[in-house]
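# Residue-level structural notes
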Amino acid sequence: QGDDRFRICGDNFSRDVYFLTPWPKMLALGGLLETVAVAATGEGRRAVFERAGADTDKEIVYNVALVPDPDVAPSPLLPFVRLRTTQRRPMTRRPLTPAQKSALEAAASPFRVLWLDDRARQKALAHLASRYAKIRLTIPEAFEVHRKVIEWDARYSNDRIPDQAIGLDEPTLKLMHWAMKSWKRVDFMNRYLAGTLMPRLQLELKPGLNAAGYVSLLAPEPLRSIDDFVAAGRAMQRFWLTLTRLGLQFQPQMAPLIFDSYVRKEIGFTAKRDALTAAKELSPRLAAVLGPGNHAFLGRIGVGAAPRARSLRRPLSDFLPKS
């Protein structure tokens with residue numbers, strides 16, 4: 001539609017086990033819109049978004065106009081769009097300062113930041129994350145997703161997660177690479193060789209216990225519409241870019257919230273009955289730790305070195321219509 005007018009289209013439905021409801025994808029879409037808004041300020045423009053269609057449409061479309069505005073100054077978050085990344089390895093236990101917390105709370109507004117950084121809650125969440133990891137590591141529906149999103153023997157990747165950024169040590173990573181050649185191998189490892197033990201220890205327990213704590217973004221009202229989910233995604237991105245500006249590290253921890261939402265909505269996300277039972281048993285425990293509220297986003301935060309391996313960004317040409 002021109003250099004200053006274009007459309008952003010998002011898929012509202014998916015058969016992926018992590019996207020059986022619109023919520024996670026719309027969070028990502030909201031993050032993209034916030035990035036556009038931040039990037040526009042670098043060109044002296046204000047991004048105006050207008051959504052077309054209804055919540056039930058298969059494709060969510062936003063019309064975007066970049067309006068010249070002499071009063072717009074470059075956002076302080078602009079330099080950190082390319083730097084924002086995920087740290088899946090342990091951080092340090094150093095607590096965040098009051099100034100850091102205040103800046104993050106301002107960035108997320110009108111969403112409220114719930115700090116889950118007392119040691120008892122942190123331990124409880126680390127152990128719950130490990131239990132939820134066992135669910136996703138033992139169901140074939142998640143195996144298919146994991147196999148597609150990992151790029152092996154890579155430090156960086158434009159469109160997947162490089163194996164060196166997963167957070168596993170080299171022996172466990174090599175074993176995982178061998179096992180993920182087929183679901184039969186993974187299932188054998190899980191059944192007879194405690195195949196989830198080392199991944200859960202390295203991906204959930206150690207990182208969860210070695211961080212400043214966990215954090216949840218609470219929506220002011222229950223998230224019901226596409227606009228609600230997108231607003232949560234925009235708040236998520238402002239929060240994430242701000243913590244990057246503050247020199248902090250972050251790892252989203254969405255699996256507990258996603259599987260818990262399936263339990264509450266009675267969505268059968270897997271054919272494995274033991275996994276469904278485990279998710280139901282974990283639901284009240286998660287609620288007890290998180291407490292009441294409209295939890296829109298959950299993650300692990302802390303002080304630490306930037307990851308040495310990471311996902312990058314797909315080139316813009318991948319998203320433009322083919323002529």
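Relevant structure appears above.
Here's what I pulled together on the structure shown here. (Residues numbered from 1 in each chain as written. Predicted model: local features only at pLDDT ≥ 70, side-chain atom pairs only at ≥ 80, totals over all residues. Heavy atoms only, no water.)

## Topic: the sheet that holds strand β3 (residues 59-68)
Formally: In this analysis, strands are considered paired if DSSP registers two or more bridges between them. Under the DSSP-based scheme used, a helix requires at least four consecutive residues in state H or I and a strand at least two consecutive residues in state E, with every element numbered from the N terminus. Axis angles are defined between N-to-C directions and span 0 to 180 degrees, where every axis is a line fitted to C-alpha atoms and, for a helix, only to the segment in contact. Two residues form a contact once any of their heavy atoms are found within 4.5 Å.
The antiparallel open sheet is built from 3 strands, whose spatial order is β1-β3-β2. At either margin of the open sheet sits one strand with a lone partner, and together these are β1 (5-11) and β2 (45-52). Strand-to-strand twist in this sheet, taken as the mean axis angle between neighbours without regard to direction, amounts to 25°. Where β2 meets β3, 8 bridges bridge the pair, whose relative direction is antiparallel. Bridge pairing in β3 places alanine 47 opposite leucine 66. On top of the sheet, helix α1 (residues 23-41) reaches β1, β2 and β3; it is set at about 150° to β2, its chief contact.

## Details of the nonpolar core
The criterion, for reference: Only buried Ala, Val, Leu, Ile, Met, Phe, Trp, Tyr and Cys residues count toward a nonpolar core, and they belong to the same one when joined by side-chain atoms within 4.5 Å. Throughout, exposure labels follow a simple rule: accessible area from a 1.4 Å probe, protein chains only, divided by the maximum for the residue type, with under 20% read as buried, over 50% as exposed, and the rest as partly exposed.
Ranked by size, the top nonpolar core spans 69 residues in total, and within it Ile135, Phe239 and Ile301 carry the most contacts. Broken down by element, this core gets its largest block of residues, 9 residues, from helix α8 (residues 226-245). Those residues within four positions of phenylalanine 239 in sequence are excluded, and the remaining contacts are Leu104, Ala107, Ala108, Val113, Val215, Leu217, Phe250 and Ile301. Counting 10 residues, the second-largest nonpolar core is a separate cluster that includes Ile166, Leu168, Ala179 and Met180.

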